[in-house]
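Below are the chains, spelled out letter by letter.
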Amino acid sequence: MTRYADIPKPIRSGIVVVDHDRGTPQRIIVLQFNPDTLERSLSPQSAGGSGDSGGGGSGTGDRNEALRLKGPAQETWKFTAEIDATDQFEVAAPDGIHPQLATLEMLVQPTTQQIRDASRLSQKGAIEISPIEMPLTLFTWGSKRVMPVRLTELSINESAFDVNLNPIRASLSIGLKVLTVSDLPAGHRGADLYMAHLAQKERLAAAARRGSLGGLGLTGGDIGGTATLSGRG
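The model shown is predicted, which means the values in this text are computed figures rather than measured ones.

Draft legend 1. How the structure looks around the overall build of the protein. A tally of regular secondary structure across the protein gives three helices and nine strands. Secondary structure elements of the protein occur, N-terminal to C-terminal, as β-β-β-β-α-α-β-β-β-α-β-β. In the protein, which comprises 233 residues, the proportion classed as buried is 25%. A sequence separation of at least 24 residues applies to 61% of the contacts in the protein between residues at least 6 apart. As displayed, the protein offers around 16200 Å² of accessible surface, 52% of which is attributable to carbon and sulfur atoms.

If you want it as structure tokens, here you go:
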């Protein structure tokens, strides 16, 4: 037994494709390496208009709506994933990393069967053909971040190849949009998963240490009317 035997293996981030009717995983994509950085952006869905643009009261928004929200914030994630066949010498890779790349690419592609079905409907004279619905996709970053997403960006930079020109190393720029209850129909499994994700945020926020007015340089117990900045520098 080596001295590293008791060191826990790191949890991998990844993507899970789920059947939204039955809730069963159809495909699990485990990222080979966890990204070093994550870029996250949240855009509040305010009920009011553009508001004051900084011109001293020139805002055009409804003042009664200034603090109201129409729904959950729109959240996007961006990160870079690495795939390297040379890091897994014990695993045979006759096709290089083609399978891993194809798996990710199929998240934004309809299947050949779906295309054929749509073509048959068109040939039969169907007046309106609904857009092809893709499976529900979840992004996981540990147990505290499991959320329904839509892939919005997939940029692939292949940087090494084997003798048969199979790619063996690549970096991928991946962009995701978190799907909220505003994006999904009522009763959709993805909407329930988003609500669980939002509830997890609420629990984490409740566990944060509470600050104090003194730490902000404020005095007075009523910040709504009597609190003032202290003169201590």
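Let's pick the thread back up.
Draft legend 2. Structural detail: helix H3 (residues 189-206). For H3, which comprises 18 residues, the first-to-last C-alpha distance of 26 Å matches the rise-based estimate of 26 Å (1.5 Å per residue) to within 8%. The elements touched by buried residues of H3 are strand E4 (69-84), strand E5 (136-140), strand E6 (146-161) and strand E7 (167-178).

Draft legend 3. Inspection of the side chain of Asp19 at higher detail. Residue placement: Asp19 occurs in the loop between strand E1 (14-18) and strand E2 (25-30). Judged by its relative accessible area of 11%, Asp19 falls in the buried class. A polar contact is formed between the side chain of Asp19 and the backbone nitrogen of Arg22, at a distance of 2.9 Å. Excluding anything up to four places from it in sequence, Asp19 contacts Thr24, Gln26 and Arg189.

Quick notes on the rules
Residue numbers here run from 1 along each chain, matching the order of that chain's written sequence. Under the rules for a predicted model, residues below a pLDDT of 70 receive no local features and side-chain atom pairs below 80 are neither given nor counted, while totals for whole chains, interfaces and linings still include all residues. The side-chain numbers reported here are obtained from all heavy atoms of the structure, hydrogens and water having been left aside. By definition, any uninterrupted DSSP run of H or I lasting at least four residues is a helix, any uninterrupted run of E lasting at least two residues is a strand, and each is numbered from the N terminus. Summary of the burial criterion: residues with accessible area below 20% of their type's maximum are buried, those above 50% are exposed, and those between are partly exposed, where the area comes from a 1.4 Å probe applied to protein chains only. Only heavy atoms enter the contact rule, under which two residues are in contact if any of them lie within 4.5 Å. In these tables, accessible area is a Shrake-Rupley quantity obtained with a 1.4 Å probe, and a residue counts as shielded only by the protein chains included in the view. To estimate how far a helix should extend, the number of its residues minus one is multiplied by 1.5 Å. Think of a polar contact as two N or O atoms within 3.5 Å of one another; within protein, one of them needs to be a possible hydrogen donor and the other a possible acceptor, and neighboring residues in sequence only count if both atoms come from side chains.

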